[in-house]
Amino acid sequence: MRVQEHIGKISWSLADKMLFFGYGIVSIIQVKYLSLEDLGLFTILISINTWIFVISESFALQNIIQFGVNKQRRKRVNTYSVIIHAVVAIGISTSIYLLSQQIGMIWKVAEREKVCTILPILSLVMVPRTFCLKLLYREQRIHHVFLVNLVFFGALTLITFYYIFQYEALDYDRMVILYLSGAAVSSAFSIWISRKEIEFGLVGNFNIRTLLDFSIPNMLTAALHAIPKLLDSVLLSIFFPISQIGIYSLAKTLFRIFDEAGNAAFGLVYPAAVRLIENKNFSDLMTMITKVISFMLVSFIFCAIILESGFSSYIITTFLPKNYHFAIEQFNLLVIASFGIPFVVMSLVITALGKPRLTFAFTLLGVIASIIVFLFVGYIQKPEFAPIGIIAYFFITGGLNYLFLKKRFGYKLSMLGRALPDSYNYFRERFFVKG
């Protein structure tokens, strides 16, 4: 697999992730007008909502890519997927709302009603957006994925500045309104731009048993994978005040540039891996695996060296609002977790090979380790050590993925550095070798 042949898709994917980076700048501005308490509460809302959709998408929508490649059964796959997606997403959020009193016996956050009440509405407006995005990913229409996210983040940005200019302040309720509005506008746009791919029916040789056999272990793995990154805030809020959750969320916001790079790789690797395995092209699959891991790892190590040398402290204290200053220590610790991201991404390859239960087992071990760390951090009342829970997850899960790839494909440690000579040869051919 030559990276040059996929420059177009990679470029659009990078542009898409730059939207997340751009909205990260808007989020920095939002922090200036938010109290740490409101920021912490809103973080918990978005974390729970995102976790619900991780469950729903992995259970329902991943089938669109896994089985929808076959055009003969595409309508049937789409039908099953959208129905299950809506039922699961709206069903879980509604259940949380109905059981909010019982949940309060463990999660004693005073403002939990403000979170539980809005979850069903937020899920309802996000279902079309997430379904249509998966259709676009299946077709590798990354430029249209970019446009859908541009509308989403554009709406969030415009409403943010409207509130700032109109009221000179933000709070939890206004953040909820702007997020609901962005999700609704983006959902409407996604339906329009993917209208040619929105086709339903019950024709095709595909049954619900096949879907469940793939989806259940895949869903369990994805739900587990998201716990250290999403439900960590909820878990930590059992031990610490909401203001501390706000500080922790700022460290994770800064870390998002690494996380989104991993998400970009997720979106590109899985469809490509499915196609290569379908064609039994294991040579190109191995090439893809080694290149993706190496390019990500080398880039992350380079960034980490710069940030840990004091650059992160300089940037945060010089350019960011004062609330971010409290998050420097946690962010520097989180950067270490980035070294495990490339190997966690490779869990998709293991899943595409038809081994979702193995992926689930690796993920489970990583999650158990992270939960133990989070609980210990809460017990000793040291919120500054909270990022170690995420580090534990990435390193343990990623390490197990690597050991499998080493056994299955003979993945040598020396391959981790192949990005360096590959990059050198590419730039040499591109800019220095003529004719």
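About the criteria used
Residues numbered from 1 in each chain as written. Predicted model: local features only at pLDDT ≥ 70, side-chain atom pairs only at ≥ 80, totals over all residues. Heavy atoms only, no water. pLDDT = per-residue confidence, 0-100. Helix = DSSP H or I, 4+ residues; strand = E, 2+ residues; numbered from the N terminus. Salt bridge = Lys/Arg side-chain N within 4 Å of Asp/Glu carboxyl O. Buried < 20%, exposed > 50% of the residue type's maximum accessible area, 1.4 Å probe, protein only. Axes fitted to C-alpha atoms, helices over the stretch in contact; angles between N-to-C directions. Left-handed = near helix turned anticlockwise from the far one by under 90°. Contact = heavy atoms within 4.5 Å. Nonpolar A, V, L, I, M, F, W, Y, C, P; charged D, E, K, R; others polar. Polar contact = N/O pair within 3.5 Å; in protein donor to acceptor, adjacent residues only side chain to side chain. Core = buried A, V, L, I, M, F, W, Y, C linked by side-chain atoms within 4.5 Å. Expected span 1.5 Å × (residues − 1). Phe/Tyr/Trp six-rings, centres within 6.5 Å; stacked < 30°, edge-to-face > 60°. Lys NZ or Arg CZ within 6 Å of the ring centre and 35° of its normal. Patch = residues over 30% accessible without salt bridge, like charges linked within 9 Å, V, L, I, M, F, W, Y side chains within 5 Å. Areas by Shrake-Rupley, 256 points an atom, 1.4 Å probe, with all protein chains shown as cover.

A.B. asks: Break down the confidence of the model for the protein chain for me, with residues and values.
C.D. replies: Per-residue pLDDT for the protein chain averages 85, and the proportion of residues at 70 or more is 91%. Put simply, helix α17 (residues 419–432) is where the protein chain has its lowest mean pLDDT, 54, and helix α7 (residues 172–193) is where it has its highest, 96.

A.B. asks: Tell me about the pattern of salt bridges, and please be specific about residues and values.
C.D. replies: With the rule as written, the count across this model stands at six salt bridges. Across the pair R138 and E139 runs a salt bridge, and its minimum N-O distance is 2.8 Å. Residue E139 is classed as partly exposed on the basis of its relative accessible area, which comes to 28%. Across the pair D213 and R209 runs a salt bridge whose closest N-O atoms are separated by 3.4 Å. With a gap of four residues between them, D213 and R209 both fall in helix α8 (residues 208–236), about one helical turn apart. Residue R209 is classed as exposed on the basis of its relative accessible area of 56%. Connected via shared salt-bridge partners are R74, R138 and E139.

A.B. asks: How would you explain the environment of K71 if you had to name every residue and give the values?
C.D. replies: On the secondary structure map, K71 appears in the loop between α2 (36–66) and α3 (74–98). Classification of K71 by relative accessible area gives exposed; the value is 68%. For the pair K71 and V31, spaced 40 residues apart in the sequence, the C-alpha separation amounts to 46 Å.

A.B. asks: I'd like a rundown of the packing of helix α10 (residues 282–319) against helix α16 (residues 387–409), residues and numbers included.
C.D. replies: The N-to-C vectors of α10 and α16 enclose an angle of 150°; their axes lie 12 Å apart at closest approach. Once α10 is placed against α16, the crossing between them reads as left-handed. Residues F282, L285, M286, I289 and I293 of α10 touch α16, and the partners they reach there are L405, R408 and F409. A per-class count over the contact of α10 with α16 returns seven nonpolar, no polar and one charged.

A.B. asks: How would you summarise the side chain of D16 if you had to cite specific residues and measurements?
C.D. replies: Its location among the elements puts D16 in helix α1 (residues 7–32). D16 gets classed as buried once you look at its relative accessible area, which sits at 2%. Among the polar contacts made by the side chain of D16, one reaches the side chain of N149 at a distance of 2.7 Å. Filtering out sequence-adjacent residues up to four positions away, D16 remains in contact with Y137, V145, F146 and N149.

A.B. asks: Tell me about the nonpolar core, and name the residues and values.
C.D. replies: Core analysis: the largest hydrophobic core is formed by 131 residues, its most contacted members being I48, L285, I289 and M346. With residues near it in sequence (within four places) discarded, L285 still touches A273, L276, I277, V349, L353 and F409.

A.B. asks: Hey, could you go over α16 for me, with residue numbers and the actual values?
C.D. replies: With 23 residues, α16 should reach 33 Å at 1.5 Å per residue; the first-to-last C-alpha distance of 32 Å fits that figure. Taken from the residues just after α16, G410 is the one with a positive phi, measuring 70°.

A.B. asks: Go over the packing of aromatic side chains with me, naming the residues and quoting the values.
C.D. replies: Going through the model one piece at a time under the given rule, you end up with 15 aromatic pairs. Here F152 and F153 contribute two aromatic rings whose centre-to-centre distance is 5.1 Å and whose plane-to-plane angle is 55°, an arrangement assigned as tilted. Each of the two residues, F152 as well as F153, counts as buried. Where F189 meets W192, the ring centres are 5.9 Å apart and the plane angle is 35°; that geometry is what we call tilted. With F189 and W192 both in helix α7 and three residues apart, the pair spans about one turn of that helix. An aromatic cluster is defined as three or more aromatic residues linked by ring pairs; in this entry it consists of Y23, F42, F152, F153 and Y179. Here R129 stacks its cationic end above the ring of F152, 4.3 Å away from the centre of that ring.

A.B. asks: I'd like to hear about a nonpolar patch on the surface, residue by residue, with values.
C.D. replies: On the surface, F302, I306, F311, Y314 and F319 cluster together into a nonpolar patch covering about 540 Å² of accessible area. Counting through the fold element by element, I306 comes out in helix α10. Exposure remark for I306: the relative accessible area of 34% places this residue in the partly exposed category.

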